[in-house]
Number of protein chains: 2
Amino acid sequence: MTIYDVAARAGVSATTVSRVLNGAKVSPESERVVRAAAAELDFIPNRTARRLRGQGSAVIGLIIPDIENPFFTALARGVENRARAAGYSVVLCNTDEDPERESTYIDIALAEHMAGVILAPADDASDVSRLVAQRRPVVAVDRSLAHADVDAVTVDNRAGGRSAAESLFAAGFTRVACITGPSSVETAQLRMAGWRQAAARHAGPDYLEDLLRYADYRVDGGRQAMAELLALPEPPDAAVVANNLMAAGALEALHDAGLAPPGFGLAVFGDLPFASFGRRGIRVVDVPARELGEAAAALLLDRIGGDTGPARTVVLRTREQK
Amino acid sequence: MTIYDVAARAGVSATTVSRVLNGAKVSPESERVVRAAAAELDFIPNRTARRLRGQGSAVIGLIIPDIENPFFTALARGVENRARAAGYSVVLCNTDEDPERESTYIDIALAEHMAGVILAPADDASDVSRLVAQRRPVVAVDRSLAHADVDAVTVDNRAGGRSAAESLFAAGFTRVACITGPSSVETAQLRMAGWRQAAARHAGPDYLEDLLRYADYRVDGGRQAMAELLALPEPPDAAVVANNLMAAGALEALHDAGLAPPGFGLAVFGDLPFASFGRRGIRVVDVPARELGEAAAALLLDRIGGDTGPARTVVLRTREQK
DNA sequence: CTGAAAGCGCTAACAC
DNA sequence: GTGTTAGCGCTTTCAG
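Residues numbered from 1 in each chain as written. Chains lettered and ligands numbered in written order. Predicted model: local features only at pLDDT ≥ 70, side-chain atom pairs only at ≥ 80, totals over all residues. Heavy atoms only, no water.

Here the focus is the protein's contact with DNA strand C. Not every one of the 24 residues close to DNA strand C is listed here, only the nearest: Ile-3 and Arg-50 of chain A together with Thr-16, Ser-30 and Arg-53 of chain B. For DNA strand C, the fraction of protein-proximal atoms (within 4 Å) that sit in sugar or phosphate groups is 56%. In this structure, Ala-49 of chain A approaches DNA strand C through a main-chain N or O atom, which is 3.4 Å from a base nitrogen. Elements that contribute at least two residues to the surface near DNA strand C include exactly helix H1 (3–10), helix H2 (14–21) and helix H4 (47–52) of chain A together with helix H2 (14–21) of chain B. Here the surface near DNA strand C gets three residues from one element, more than from any other, and that element is H2 of chain B. Grouping the constituent residues of the surface near DNA strand C by class yields eight nonpolar, eleven polar and five charged. (Near = heavy atom within 4 Å. Polar contact = N/O pair within 3.5 Å; in protein donor to acceptor, adjacent residues only side chain to side chain. Helix = DSSP H or I, 4+ residues; strand = E, 2+ residues; numbered from the N terminus. Nonpolar A, V, L, I, M, F, W, Y, C, P; charged D, E, K, R; others polar.)

Right, dumping it as structure tokens:
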């Protein structure tokens, strides 16, 4: 089923069919005949061939590290909204925080000639060099890339971490712990750094290291880290938790120990999904996931549109909510 | 950057390069030279061209109605596991329960020549006729298709709904309500039908309609439906809720009214994500999302592999957990 | 074991 | 306004 079949049936040339399908100028009569023939034959143009001929595909690849994390699905929603408005489709690829899978998907995006890629890097060292080498539009989102000069959209993680900790100290807590993500992940480092600044100011640096835990940005990691903290000779009375999933785990650990906010101070990065009724007393540093996605898509669409200016970094503001 | 560039650099023909890249028999020397040249040039074969030449692409399209629903992301995880093991990549498309967007993505899958499609239909009337007409492998998952003879993987929704209601009656509750999904969605109908059977047996059909609410499978819908039920002159003392998101909303409404499980009986279809500490006293009808995805992928891979037997429907068992 | 040549389905020059 | 022709990058007969 090709345009030649349609052409034969309509009694015109393949070119004319192509023109009709692409909205170029044709006589009304031709247009009518071609459309009729195409409809009768259930014809669907072959994008593969079209693309091979040189058209960029109207598909954007979005590569995320954890599809089961609502933060990233909200981000995906943002990308989708913006992309769809511009006539692009979005395909999602899940890397499971695995640099090798990430690399595979980057290759696919390249080989499939997607119009551009939005990448929430699994790791500091994510390698987008192939993308850059092929001059394919890329935008990093949520985390920026250490070794590459590409557009990025992030939030002010350090400031968020600092204000989260500050607000706990201001509320009267004195031993404010921190549960952050893997040390190879930028957001984890920055959020922790913010906490460290505030903690050093309010309590001196002496107890800091005791109350800092690196976990894995997952529910179980958060639970375990909080359990460890609570088992300390001098346990914390509050904590800053660096992402939503770990916070869910931390809440479970608290609950198991008979504790809960607001008695135990808790400040969390990112929304706590599907638990708003259990969120009372928790300070949430709202990370605007959807807006991150929208901003990243906007940036990418600019690049796809031909913008070749120097790399830009957009930093969105976090908002603290009670 | 084409195989001709690589061929030139390696001093062989494009054919030989192609052979090396596809693992055909070549002299060790040729192989070495070609690989070296490809590496130096950072060569990535163009899948578009490869596919045009006739190879099926090793990509499976997974079309889901709500990417922010953890049930579907878990399902996606299952599909991915199985597909990756077989060397296929998975791209996710989100329809937002919108038949038109679903249709667009089906067209894309078709036009992009994806190897097959797994569809969690937005609607009873989802139109897969084009897929079927083109003999492209399709598997429906979670919900089956009313008007099409295609493979499907579902769970025993009616039995699950019945046993959920039964266990609430057995626990001593007497006015067991039901909050189900849109009436155009099969799972919503069946889960409700199961509840109706049990309820009719235990309480007579008289009060049934009062205690039945159709909502939209989203958090807000669940909250609102539960609020309405609680405002009834004779409110229910328990409820079967037909999906995870609505259950989260229903819990909020209960909480606002000063109620909570286990005092108010609650049985829910699907896991309650990130809230296991708040899950005490809730009966969960476990819908094995990941297994659904795995089974669907297995079925699809069979079809891609050439299985042309009659359409099969696989029904997985739900498990009730406390 | 390797290469030359013929397309896959489409679109973009370039005639008519 | 419409058709002819020449590829896009790759794989695959078919000879050598």
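After that view, the rundown keeps rolling.
A few words now on the protein's contact with DNA strand D. In the vicinity of DNA strand D lie 23 residues, with Thr-15, Thr-16 and Arg-53 of chain A together with Ile-3 and Arg-50 of chain B positioned nearest. Put simply, 57% of the atoms of DNA strand D that lie within 4 Å of the protein are in sugar or phosphate. Between DNA strand D and Arg-19 of chain A, the relevant distance is 2.9 Å, taken from a base nitrogen to a side-chain nitrogen or oxygen of the residue. Asn-22 of chain B is positioned such that a nitrogen or oxygen atom in its side chain is 3.2 Å from a phosphate oxygen of DNA strand D. Sorting the residues of the surface near DNA strand D by element identifies H2 of chain A together with helix H1 (3–10), H2 and helix H4 (47–52) of chain B as the ones contributing at least two each. At three residues, the largest contribution of residues to the surface near DNA strand D is made by H2 of chain A. When the residues that make up the surface near DNA strand D are grouped by side-chain class, the tally is eight nonpolar, eleven polar and four charged.

Quick look at the sheet that holds strand S7 (residues 212–214) of chain A now. Residue and element names in this part refer to chain A. Across the sheet, which stays open at both edges, the six strands sit in the order S7-S6-S8-S9-S10-S12 with mixed pairing between neighbours. Of all the strands in the sheet, just S7 and strand S12 (319–321) have a single pairing partner and so form its edges. When strand polarity is set aside, the average angle formed by the axes of neighbouring strands in this sheet is 15°. One ladder, built from four bridges, connects strand S9 (residues 265–269) with strand S10 (residues 282–286); its direction is parallel. Note that in S10 the partner of Leu-266 across the bridge is Ile-282. Where helix H11 (residues 244–256) meets the sheet, it contacts strand S6 (176–180), strand S8 (238–241), S9 and S10, and its direction lies at approximately 160° from that of S9. (Pairing = 2+ DSSP bridges. Axes fitted to C-alpha atoms, helices over the stretch in contact; angles between N-to-C directions. Contact = heavy atoms within 4.5 Å.)

To continue, consider the pattern of salt bridges. Opposite charge on two side chains makes pairing possible when the charged atoms of those side chains draw close. Enumeration according to the criterion identifies 47 salt bridges over all chains in this entry. One salt bridge in this structure joins Arg-303 of chain A and Asp-307 of chain A, with 3.2 Å as the shortest N-O distance. The class of Arg-303 of chain A is buried, set by a relative accessible area of 12%. Residue Glu-40 of chain B pairs with Arg-9 of chain B through a salt bridge whose shortest N-O separation is 2.2 Å. Of the two residues, Glu-40 of chain B sits in helix H3 (residues 28–40) while Arg-9 of chain B sits in helix H1, which places them 31 residues apart along the sequence. Three or more residues are tied together by salt bridges with common partners; here these are Asp-66, Glu-68, Asp-96 and Arg-101 of chain A together with Arg-77, Glu-80 and Arg-290 of chain B. (Salt bridge = Lys/Arg side-chain N within 4 Å of Asp/Glu carboxyl O. Buried < 20%, exposed > 50% of the residue type's maximum accessible area, 1.4 Å probe, protein only.)

In this complex, chain A contributes 49 residues to the contact, which on the side of chain B involves 49 residues. Here chain A meets chain B over a buried area of about 4800 Å², counting both sides, of which 56% is carbon and sulfur. Linking chain A with chain B are 14 salt bridges. With its nearest N and O atoms 3.3 Å apart, the salt bridge here joins Arg-290 of chain A to Glu-68 of chain B. At the boundary of chain A and chain B, one finds 17 residue pairs in polar contact (both at pLDDT 80 or more). Of all the secondary structure elements, the ones that give two or more residues to the side of chain A that touches chain B are H4, helix H5 (70–85), strand S2 (89–94), helix H6 (99–111) and H11 of chain A. No other element matches H5 of chain A, which puts seven residues into the side of chain A that touches chain B. (Buried area = accessible area lost by both parts, 1.4 Å probe.)

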